[in-house]
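Analysis of the macromolecular model
Each chain, written out:
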Amino acid sequence: KLFEFGGTRITPRLGLGYLHLDFPGLTETGAEGWNRVLSPAKSDSLELRAGVNLSKEIDLGGIVFSPHLNLGLGYEILDTTMLIETRFANQEVIAPFVNETPDSGRLRGFAELGATLSLSDGFDLFVDYRGTFRRRDRIHGATVGASFTF
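Predicted model only: the values in this text are computed from it and were never measured.

A separate point is the overall build of the protein. What the protein contains, in helices and strands, is zero helices and 12 strands. Each helix and strand of the protein, ordered N terminal to C terminal, gives the series β-β-β-β-β-β-β-β-β-β-β-β. Computed over C-alpha atoms, the radius of gyration of the protein comes to 23 Å, more than 25% over the 15 Å expected from 2.2 N^0.38 for 150 residues, which places it beyond the range of a compact globule. Principal axes of the C-alpha set define a box for the protein whose edges measure 75 × 30 × 25 Å. Per-residue burial over the protein gives 24% buried out of 150 residues. Across the protein, the fraction of contacts at a sequence separation of at least 24, relative to all contacts at a separation of at least 6, is 54%. For the protein, the computed accessible surface area is about 10,300 Å², with 61% contributed by carbon and sulfur atoms. Separation between the mean location of the 15 positive side-chain charges and that of the 19 negative ones in the protein comes to 6 Å.

Here we take up the pattern of salt bridges. Inspection of the entire model under this criterion finds six salt bridges. The salt bridge involving arginine 36 is made with glutamate 28; its shortest N-O contact spans 2.9 Å. Residues participating in the shared-partner salt-bridge network are Glu47, Arg49 and Arg108.

Two aromatic rings are characterised by how far apart their centres lie and by the angle between their planes. Using the criterion set out here, one finds three aromatic pairs in the structure. With 5.5 Å between their ring centres and 80° between their planes, tryptophan 34 and phenylalanine 88 make a pair best called edge-to-face. Here tryptophan 34 is found in the loop between strand E3 (26-27) and strand E4 (36-38), whereas its partner phenylalanine 88 is found in strand E8 (residues 83-88), with 54 residues between them in sequence. For the ring pair phenylalanine 88 and phenylalanine 97, a centre distance of 6.0 Å and an interplane angle of 50° mean the geometry is tilted. Here the aromatic cluster, defined as three or more aromatic residues joined through ring pairs, consists of Trp34, Phe88 and Phe97.

Once that is clear, we can look at the environment of isoleucine 84. For isoleucine 84, the position within the fold is in strand E8. Among the residues examined, isoleucine 84 registers a relative accessible area of 11% and is labelled buried. Linking isoleucine 84 and leucine 54, residues 30 residues apart in sequence, is a C-alpha distance of 41 Å. In this structure isoleucine 84 touches Phe23, Leu38, Ser39, Ala41, Phe97, Val98 and Asn99, once residues within four positions along its chain are discounted.

Read from one edge of the open sheet, four strands run E3-E4-E8-E9, paired in antiparallel fashion. Every interior strand has two partners, whereas the edge strands, E3 and strand E9 (97-100), have only one. Bridge count between E4 and E8: three bridges; the pairing is antiparallel. Within E8, the position partnered with valine 37 by the bridge is arginine 87.

What follows concerns the confidence of the model for the protein. Caution is warranted with low-pLDDT regions, since their predicted coordinates should not be read in detail. The pLDDT averaged across the protein works out to 89; a share of 99% of its residues lies at or above 70. Here E9 is the element of the protein with the lowest mean pLDDT, 84, and strand E7 (residues 64-76) is the one with the highest, 96.

Before going further, it helps to spend a moment on the side chain of aspartate 124. Considering the arrangement of structural elements, one finds aspartate 124 in strand E11 (residues 123-133). Buried within the structure, aspartate 124 lacks any salt-bridge partner; arginine 9 is the closest side chain of opposite charge, at an N-O distance of 12 Å. For aspartate 124, the side chain forms a polar contact with the side chain of serine 118, separated by 3.0 Å. Those residues within four positions of aspartate 124 in sequence are excluded, and the remaining contacts are Thr116, Leu117, Ser118, Leu119, Gly145, Ala146 and Ser147.

Each value, and the rule that gives it
- Residues numbered from 1 in each chain as written.
- Predicted model: local features only at pLDDT ≥ 70, side-chain atom pairs only at ≥ 80, totals over all residues.
- Heavy atoms only, no water.
- Helix = DSSP H or I, 4+ residues; strand = E, 2+ residues; numbered from the N terminus.
- Rg over C-alpha atoms; globule rule 2.2 N^0.38 Å.
- Buried < 20%, exposed > 50% of the residue type's maximum accessible area, 1.4 Å probe, protein only.
- Contact = heavy atoms within 4.5 Å.
- Areas by Shrake-Rupley, 256 points an atom, 1.4 Å probe, with all protein chains shown as cover.
- Lys, Arg positive; Asp, Glu negative; His and termini not counted.
- Charge placed at Lys NZ, Arg CZ, Asp CG, Glu CD.
- Salt bridge = Lys/Arg side-chain N within 4 Å of Asp/Glu carboxyl O.
- Phe/Tyr/Trp six-rings, centres within 6.5 Å; stacked < 30°, edge-to-face > 60°.
- Pairing = 2+ DSSP bridges.
- pLDDT = per-residue confidence, 0-100.
- Polar contact = N/O pair within 3.5 Å; in protein donor to acceptor, adjacent residues only side chain to side chain.

Now the structure itself:
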């Protein structure tokens, strides 16, 4: 909690996220001579993130309702695509070719919206939505659940 305005907490956020992807490769089956063989590939992501979180606790007479909103931007510093060499198994005449994953850009926006309902000491119900928005990508997800603290 850095700032509070009218009971709403305003928390700036700054972060760095790292992800390493190690694709082991694969060989398709079932195409009798035209199965593809995808070579192993690696990719690294290092993303600088900045945003703001807004949250509030509302007492409903023994039950606490806590909505929150997180908005921000991320900037990819390392890889934006991955190259995977592909060839056809048992087809040595056909030269291998390279598949490149789509470049979705270095900049992304994200939005998270959710709420927690604290019913009693140690028991909460929650719902969260997360959206990520890039030049070509739109990724949406949601989580609904309960948490117990003892």
